[in-house]
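What follows is the residue order along each chain.
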Amino acid sequence: MENEAGALSRVAGLFSSRGYNIESLTVAATEDPTLSRMTLVTVGSDDVVEQITKQLNKLIEVVKVVDLSDGVHIERELMLIKVRAVGNDREEIKRMADIFRGRIIDVTDKSYTIELTGTGSKLDAFIEAMERSTILETVRTGASGIGRGERILKI
Amino acid sequence: MSTELTGAEITVRCLQKEGVDYIFGYPGGAVLYIYDELFKQDKVKHVLVRHEQAAVHAADGYARSSNKVGVALVTSGPGVTNAVTGIATAYMDSIPLVIISGQVPTHAIGLDAFQEVDTVGITRPCVKHNFLVKDVSELAATIKKAFYIASTGRPGPVLVDIPKDVSQHKTAFAYPEKVSMRSYNPVTRGHSGQIKKAVQLILGAKRPMIYTGGGVILSDAATRLTNLVRMLGFPCTNTLMGLGGYPATDKQFVGMLGMHGTYEANMAMQHCDVLVAVGARFDDRVIGNPKHFYNEARKIIHIDIDPSSISKRVKVDVPIVGSISDVLDELMKLLQAGKDKLDQSALEAWWTQIDLWRARDCLKYDRASTIIKPQMVIEKLYKVTKGNAFITSDVGQHQMWAAQFYKFDLPRRWINSGGLGTMGFGLPAAMGVQFANPKGAVACVTGEASIQMCIQELSTCKQYNLPLKIVNLNNRYMGMVRQWQEFFHGNRYAESYMDALPNFVKLAESYGHVGMKIEQPGDVEGALKEAFKLKDRLVFMDFITDQTENVFPMVPGGKGLSEMILV
Ligand SMILES: Cc1ncc(C[n+]2csc(CCOP(=O)(O)OP(=O)(O)O)c2C)c(N)n1
Ligand SMILES: [Mg+2]
């Protein structure tokens with residue numbers, strides 16, 4: 001969509017006013033600074049998704065809408081998770097982060113902050129694998145998506 | 001380098017370039033520079049209303065009756081919030097408007113300044129698009145875009161919010177000749193493959209039905225539609241918004257459909273085997289309960305400019321996205337070549353069935369009544385104006401009777417708030433209609449409740465000598481509310497009685513107009529004739545009508561189209 005103030009609130013407003021739900025939403029400028037790209041995750045029947053697509057296309061600032069789940073695509077989300085890491089747990093948590101290909105990006109004598117990317121379900125799995133009481137804080141970006149192979153969304 | 005102009009000068013110059021002859025507005029602090037520029041020229045004439053809601057309704061009536069973009073001008077804060085009802089009304093009925101609003105200076109935005117509201121935020125859900133102009137260098141291009149967006153594709157209101165300092169700052173003025181927007185390119189031509197499929201279905205139909213809505217009016221496609229329907233010999237119905245799209249006096253017209261549609265129109269909708277929907281959106285007031293509508297199998301062709309109107313409430317078989325005028329032209333070409341293939345004997349049998357439904361005479365009422373029947377007033381209005389008047393209406397029973405009993409043969413003659421159902425629309429809309437059609441006879445059919453929602457506009461009518469004819473069907477009730485309470489709430493008439501009514505005759509007189517009170521059925525026609533003879537006066541006719549009268553047929557909410565309550 002056009003990288004203009006207000007474009008995001010038009011999309012968000014559309015979802016709330018028509019009763020569609022937003023699972024996650026990410027948006028940032030593209031290599032062309034006049035355009036921004038949004039990945040929005042929603043759930044609904046085929047009919048609802050069709051309506052959502054049509055309604056989004058009607059927004060003046062939306063340049064193009066693609067349903068990534070129509071074809072093969074890649075989806076990635078970033079999570080930063082801060083966990084309590086003391087004593088024996090420190091080794092254990094480090095190993096777990098390695099298994100999930102996470103990186104410890106900040107360390108204190110009581111905590112680790114781990115950076116993890118993957119699909120939403122991988123991040124869920126990591127949270128599941130952590131002892132609940134050790135989790136101090138999580139922050140997730142929501143999914144960004146892109147088509148696989150030659151499939152391109154470009155103006 | 002051309003000389004520099006202020007934002008206010010630019011705004012007025014843009015309006016001139018767009019060929020705007022009238023704008024409807026109300027001044028205030030944030031738009032003073034713009035008013036100052038309006039004062040200095042006389043190409044764009046400003047009409048001073050008495051409430052901003054009326055400014056937008058008047059611009060709306062102007063647009064609906066002329067196919068030009070209507071323009072309103074309001075100040076920031078309360079000026080904008082007063083205008084919101086008008087904007088939402090136009091949005092629901094897809095009316096092309098440009099609303100210019102003043103805003104507090106850019107440096108004060110967000111600081112809870114005097115008369116600041118988040119105009120772009122408040123209006124976002126009820127405009128086709130809106131803009132906040134942050135720099136005077138963007139102003140001309142933004143206004144150009146506003147007119148372009150408002151009037152193309154599925155039309156709608158577009159708001160341009162101009163902070164006071166932007167209207168004061170200077171820049172070189174150049175009005176763009178053209179607009180190109182990569183994110184907005186409305187389609188016009190329908191898909192030829194889809195049109196061919198539609199032709200096959202139409203030629204094979206045994207019980208065809210043509211159902212058309214406001215899109216036909218907006219697309220100026222009434223003549224094309226009429227030619228097509230006549231060539232096919234099919235029955236045709238119009239929605240409340242579509243009246244005048246097909247001539248109501250034609251024998252192929254089966255009346256309006258929907259909640260208060262005719263028996264024959266609703267039955268034919270329900271029982272047809274091929275339905276051609278043109279510029280209509282299958283809304284809840286039109287087809288009732290969609291599940292019930294599915295009880296009968298039929299193939300549906302749907303022509304509309306807006307893809308999101310297609311398969312929204314009812315799944316269709318052949319969607320055709322495009323401008324109605326273009327698609328009807330294409331259809332006509334193809335159908336003319338194949339029209340010998342129409343199944344004439346099936347069509348004859350279908351008409352026999354429709355005529356049986358027609359014989360039910362669903363719009364009958366007591367013509368011998370000694371109390372004035374509202375239906376009779378509309379019939380006489382039709383007779384006295386020879387069907388040539390522009391009729392605006394408010395919202396309620398009177399609106400439905402006007403729609404049922406005034407036979408609109410031409411588009412843009414029936415002006416009502418169909419989508420939002422805004423009481424208070426009728427009078428200011430009629431003002432806009434009269435400005436757009438200075439020679440036309442303009443009547444506003446209203447009720448004693450609705451008229452009081454914008455009654456202050458009688459003053460505007462006096463100032464500009466608008467010779468409107470107000471037909472007040474005074475039943476001392478919010479009749480439509482009372483009807484629902486009678487049918488569905490055990491006759492408990494909670495707050496629907498209109499107590500303490502003013503003396504409308506004196507009220508009209510005190511505004512400088514002519515007032516008449518009509519209490520006898522025998523006086524109705526005479527009063528109307530007399531009123532329309534007063535060509536340069538506004539006449540307020542207060543018809544004291546039957547309090548107990550109800551609108552029939554009626555499809556109760558949630559019921560199917562063929563489950564009508566009949567008189
Ligand atoms: C602004 C607004 N408020 C409330 C309503 C709900 N409403 C619909 S019809 C109606 C009564 C209208 O009464 P009147 O104008 O006397 O017309 P009648 O039905 O009696 O002909 C009301 C209150 C509405 N449509 N618009
Ligand atoms: Mg009433």
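Residues numbered from 1 in each chain as written. Chains lettered and ligands numbered in written order. Predicted model: local features only at pLDDT ≥ 70, side-chain atom pairs only at ≥ 80, totals over all residues. Heavy atoms only, no water.

**Points about helix H10 (residues 222-232) of chain B**
Those residues of H10(B) that sit buried are B:Ala222, B:Leu225, B:Thr226, B:Leu228, B:Val229, B:Met231 and B:Leu232. Packing partners of the buried residues in H10(B) comprise helix H8 (192-203), strand S9 (208-212), helix H9 (214-218), strand S10 (236-238), helix H14 (324-338) and helix H15 (344-358) of chain B. (Buried < 20%, exposed > 50% of the residue type's maximum accessible area, 1.4 Å probe, protein only. Helix = DSSP H or I, 4+ residues; strand = E, 2+ residues; numbered from the N terminus. Contact = heavy atoms within 4.5 Å.)

**With respect to the site of ligand 1**
All names here are of chain B. Surrounding ligand 1, one finds 17 residues, the nearest of these being Gln 397, Gly 421, Ser 450, Tyr 477 and Gly 479. Within the backbone of Tyr 477, one N or O atom sits 2.9 Å away from an oxygen atom of ligand 1. For ligand 1, an oxygen atom lies 2.6 Å from a polar atom in the backbone of Gly 479. A total of 590 Å² of accessible area belongs to ligand 1 in isolation, and the protein chains cover 76% of it. Contributing elements (two or more residues each) for the shell around ligand 1: helix H17 (397-405) and helix H20 (479-488). Looking at the shell around ligand 1, the element that brings in the most residues is H20, giving three residues. Grouping the constituent residues of the shell around ligand 1 by class yields eight nonpolar, eight polar and one charged. (Near = heavy atom within 4 Å. Polar contact = N/O pair within 3.5 Å; in protein donor to acceptor, adjacent residues only side chain to side chain. Areas by Shrake-Rupley, 256 points an atom, 1.4 Å probe, with all protein chains shown as cover. Nonpolar A, V, L, I, M, F, W, Y, C, P; charged D, E, K, R; others polar.)

**Thoughts on the interface of chain A and chain B**
On the chain B side, the residues contacting the 18 residues of chain A number 18 residues. Taken over both partners, the interface formed by chain A and chain B buries close to 1500 Å², and the fraction arising from carbon and sulfur atoms is 46%. When residues of chain A are sorted by the area they lose upon contact with chain B, A:Arg10, A:Lys54 and A:Ile60 head the list and together hold 43% of the total. B:Asp306 is the partner of A:Lys58 in a salt bridge, and the nearest nitrogen-oxygen pair spans 2.8 Å. The interface formed by chain A and chain B holds 12 residue pairs in polar contact (both at pLDDT 80 or more) in total. (Buried area = accessible area lost by both parts, 1.4 Å probe. Salt bridge = Lys/Arg side-chain N within 4 Å of Asp/Glu carboxyl O.)

**Things to note about the packing of helix H1 (residues 7-17) of chain B against helix H6 (residues 139-151) of chain B**
Packed helix pairs are characterised by how far apart their axes lie and by the angle those axes make with each other. Residue and element names in this part refer to chain B. Packing of H1 against H6 brings their axes to within 9 Å, and their N-to-C directions diverge by 30°. Classified by the angle their axes make, H1 and H6 are roughly parallel. Note on packing geometry: the crossing formed by H1 with H6 is right-handed. Facing H1, whose interface residues are Gly 7, Ile 10, Thr 11, Cys 14 and Leu 15, H6 presents Leu 139, Ala 140, Ile 143 and Phe 147. Of the residues contributing to the contact of H1 with H6, the split by class is seven nonpolar, two polar and no charged. (Axes fitted to C-alpha atoms, helices over the stretch in contact; angles between N-to-C directions. Parallel < 35°, antiparallel > 145°, perpendicular 65-115°, else oblique. Left-handed = near helix turned anticlockwise from the far one by under 90°.)

**Quick look at the coordination of the magnesium ion (ligand 2)**
Each donor-metal-donor angle in an ideal tetrahedron of four donors is 109.5 degrees, and each such angle in an ideal octahedron of six donors is either 90 or 180 degrees. All names here are of chain B. Glu 448 (OE), Glu 448 (OE), Asn 475 (OD1) and Tyr 477 (O) make up the full set of protein donors to the magnesium ion (ligand 2), lying at 2.0 to 2.5 Å. Given six donor atoms and angles of 52 to 177° at the metal, the environment of the magnesium ion (ligand 2) is assigned as irregular. Spacing between the donor residues of the magnesium ion (ligand 2) along their common chain follows E-x26-N-x1-Y. Of this pair, Glu 448 sits in the loop between strand S17 (442-447) and helix H19 (457-463) while Asn 475 is found in the loop between strand S18 (469-474) and H20, placing the two residues 27 residues apart along the sequence. The two residues Glu 448 and Asn 475 agree in class, both being buried. (Donors = N, O, S within 2.8 Å, 3.2 Å for Na, K, Ca; no water. Tetrahedral: all angles 85-135°; square planar, octahedral: opposite > 155°, others 65-115°.)

**Re the side chain of B:Thr385**
Residues and elements named next belong to chain B. Structurally, Thr 385 can be placed in the loop between helix H16 (374-384) and strand S15 (390-393). A relative accessible area of 9% places Thr 385 in the buried class. A distance of 3.4 Å separates a polar atom in the side chain of Thr 385 from the backbone oxygen of Tyr 382. Discounting residues that sit within four places of it in the chain, Thr 385 has contacts with Tyr 406 and Phe 532.

**Some details on a nonpolar patch on the surface**
On the surface, A:Leu80, A:Ile105 and A:Val139 cluster together to form a nonpolar patch covering roughly 220 Å² of accessible area. For A:Ile105, a relative accessible area of 40% translates into the label partly exposed. (Patch = residues over 30% accessible without salt bridge, like charges linked within 9 Å, V, L, I, M, F, W, Y side chains within 5 Å.)

**Some thoughts on the nonpolar core**
Residues and elements named next belong to chain B. Phe 282, Ile 303, Leu 331 and Phe 543 are the most contacted members of the largest nonpolar core, which totals 100 residues. Those residues in contact with Leu 331, other than ones at most four positions away along the chain, are Ile 195, Ala 198, Val 199, Ile 202, Leu 228 and Ile 303. Grouped together as the second largest cluster of nonpolar side chains are 48 residues, Val 56, Tyr 62, Ile 95 and Phe 435 included. (Core = buried A, V, L, I, M, F, W, Y, C linked by side-chain atoms within 4.5 Å.)

**Describing the pattern of salt bridges**
Applying the stated criterion across every chain yields a total of 34 salt bridges over all chains. Across the salt bridge formed by A:Lys154 and A:Glu31, the nearest N and O atoms sit 2.8 Å from each other. Taken together, the residues span a long stretch of sequence, with A:Lys154 in the segment after strand S7 (144-147) and A:Glu31 in the loop between strand S1 (24-29) and strand S2 (36-41) at a distance of 123 residues. You can call A:Glu31 exposed: its relative accessible area is 64%. Put simply, B:Lys206 and B:Asp343 hold a salt bridge, and the shortest N to O gap is 2.8 Å. With B:Lys206 in the loop between H8 and S9 and B:Asp343 in the loop between H14 and H15, this residue pair connects regions lying 137 residues apart in the sequence. Residue class for B:Asp343 comes out partly exposed when judged on its relative accessible area of 22%. Several salt bridges share partner residues, and in doing so they unite B:Lys380, B:Lys383, B:Glu525 and B:Lys529 into one network.

**As for the environment of B:Arg492**
Considering the arrangement of structural elements, one finds B:Arg492 in the loop between H20 and helix H21 (504-510). Sequence separation between B:Arg492 and B:Gly29 is 463 residues, and the spatial gap between their C-alpha atoms is 47 Å.

**Quick look at unusual backbone geometry**
All names here are of chain B. With an omega of -10°, the peptide bond running from Phe 552 to Pro 553 counts as cis. Within the secondary structure layout, Pro 553 lies in the segment after strand S20 (539-544). Backbone geometry at Asn 67 places phi at a positive 60°, although glycine is not the residue there. Tracing the chain through its elements places Asn 67 in the loop between helix H3 (52-66) and strand S4 (70-74).

**Observations concerning the packing of H8(B) against H14(B)**
Residues and elements named next belong to chain B. Running from amino to carboxyl end, H8 crosses H14 at an angle of 50°, the nearest separation of the two axes being 10 Å. Judged by the angle between their axes, H8 and H14 are oblique. Here H8 and H14 pass one another in a crossing that is right-handed. Across from Ile 195, Lys 196, Ala 198, Val 199, Ile 202 and Leu 203 in H8, the residues of H14 making contact are Val 327, Glu 330, Leu 331, Leu 334, Leu 335 and Gly 338. Broken down by class, the residue content of the contact of H8 with H14 amounts to nine nonpolar, one polar and two charged.

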